[in-house]
Amino acid sequence: MELRIDGVATRLGGRWVVDGIDATPPPGALTGLLGPNGAGKTTLLRLVAGLLPPERGAVLVTDPDAPSGAPAVPVHALPRRRRARHVALLEQESNATVPLSVREVVALGRIPYRSLWGTDVDDGAVDRALGAASAAHLADRAWSTLSGGERQRVQIARALAQEPDLLLLDEPTNHLDVSAQLSLLAFVRDLGVTTVAALHDLNLAAAFCTHVLVLSEGRLAAAGAPADVLTPALLRAVYRVEAEVLRHPTTGRPVIALTGGSAEADR
Ligand SMILES: Nc1ncnc2c1ncn2[C@@H]1O[C@H](COP(=O)(O)OP(=O)(O)OP(=O)(O)O)[C@@H](O)[C@H]1O
């Protein structure tokens, strides 16, 4: 799915928390959404998901159900059911108390595909999603008994079960051990689906993302390939840290070595 973020801005609590963002994440690839706490990443993901209408600008997507060559449309104008089939958002918080099994939680991702009368669930899609998220072994467990990392895998499986054309992930590596972080990001990178993931780990972003968007106080501070964007000057300006940017000996990707604390605190 093609996605264009066109001058998007919105206020929350009377403040512009997303303030005029223009970006075109590459279709079919993994884009990292970076920036310090409070920079506006979650809010931008909710705008892109169509859950929050922008006060200014528009989030434009190609409608997969429209004839080819049809113009892009604002995502929040897509009918809800159609949007739910094509756009999946994995949010940061999950409710731990719902009395469902893991398989039932993942099957929630299939709701937009159900016929009006049917109770039919596409077990194949649920199984594929559980497998892809390395959560097949959890299928019969009660959701409320899972650890944080296990819950995160199941949430990812639910988003994948939706078989979206646009996948939006808010800190998907949260709670995951290092091996699960690597396999999740390798999986979504190779999925061929337009994916935007808010990430705090700059080295994971540098290693797996085709493109990164760096937000700072609601504005786009930089966008492009990780090697072009993740420079010491950018890290100092946006994160207030001192860092050296090395090259990975085998992949050639940037490796960020933090060398000092807050540049602000050192002043
Ligand atoms: N409902 C709300 N009302 C008022 N302010 C809000 C609301 N939701 C978010 N904000 C503020 O908007 C700003 C952006 O928040 P957002 O959650 O988008 O940032 P973020 O980059 O995802 O942060 P983090 O890395 O900490 O998750 C923050 O200053 C936050 O306090």
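Residues numbered from 1 in each chain as written. Predicted model: local features only at pLDDT ≥ 70, side-chain atom pairs only at ≥ 80, totals over all residues. Heavy atoms only, no water.

### A closer look at the overall build of the protein
Right, on to step 1. In terms of regular secondary structure, the protein is built from 10 helices and 12 strands.
Right, on to step 2. Computed over the C-alpha atoms, the radius of gyration of the protein is 19 Å, within 12% of the 18 Å expected from 2.2 N^0.38 for a compact globule of 267 residues.
Right, on to step 3. C-alpha extents for the protein along the principal axes are approximately 65 × 40 × 40 Å.
Right, on to step 4. Residue pairs in contact within the protein that sit at least 24 positions apart in sequence constitute 61% of those at least 6 positions apart.
Right, on to step 5. By element, 51% of the accessible surface of the protein is carried by carbon and sulfur atoms, the whole surface being about 12500 Å².
Right, on to step 6. Mean positive and mean negative side-chain charge positions of the protein (26 and 29 charges, respectively) differ by 3 Å. (Helix = DSSP H or I, 4+ residues; strand = E, 2+ residues; numbered from the N terminus. Rg over C-alpha atoms; globule rule 2.2 N^0.38 Å. Contact = heavy atoms within 4.5 Å. Areas by Shrake-Rupley, 256 points an atom, 1.4 Å probe, with all protein chains shown as cover. Lys, Arg positive; Asp, Glu negative; His and termini not counted. Charge placed at Lys NZ, Arg CZ, Asp CG, Glu CD.)

### Structural notes on the site of the ligand
Right, on to step 1. Neighbouring the ligand are 15 residues, the closest being Arg 15, Gly 38, Lys 41, Thr 42 and Thr 43.
Right, on to step 2. Take Ala 39: an N or O atom from its main chain is 3.1 Å from an oxygen atom of the ligand.
Right, on to step 3. Within the side chain of Thr 43, a nitrogen or oxygen atom sits 2.5 Å from an oxygen atom of the ligand.
Right, on to step 4. Within the complex, 61% of the 640 Å² of free accessible area of the ligand lies under protein.
Right, on to step 5. Taken together, the elements giving at least two residues each to the shell around the ligand come down to strand S2 (15-23) and helix H1 (41-48).
Right, on to step 6. Broken down by element, the residue count for the shell around the ligand peaks at 3 residues, all from H1.
Right, on to step 7. Broken down by class, the residue content of the shell around the ligand amounts to 4 nonpolar, 8 polar and 3 charged. (Near = heavy atom within 4 Å. Polar contact = N/O pair within 3.5 Å; in protein donor to acceptor, adjacent residues only side chain to side chain. Nonpolar A, V, L, I, M, F, W, Y, C, P; charged D, E, K, R; others polar.)

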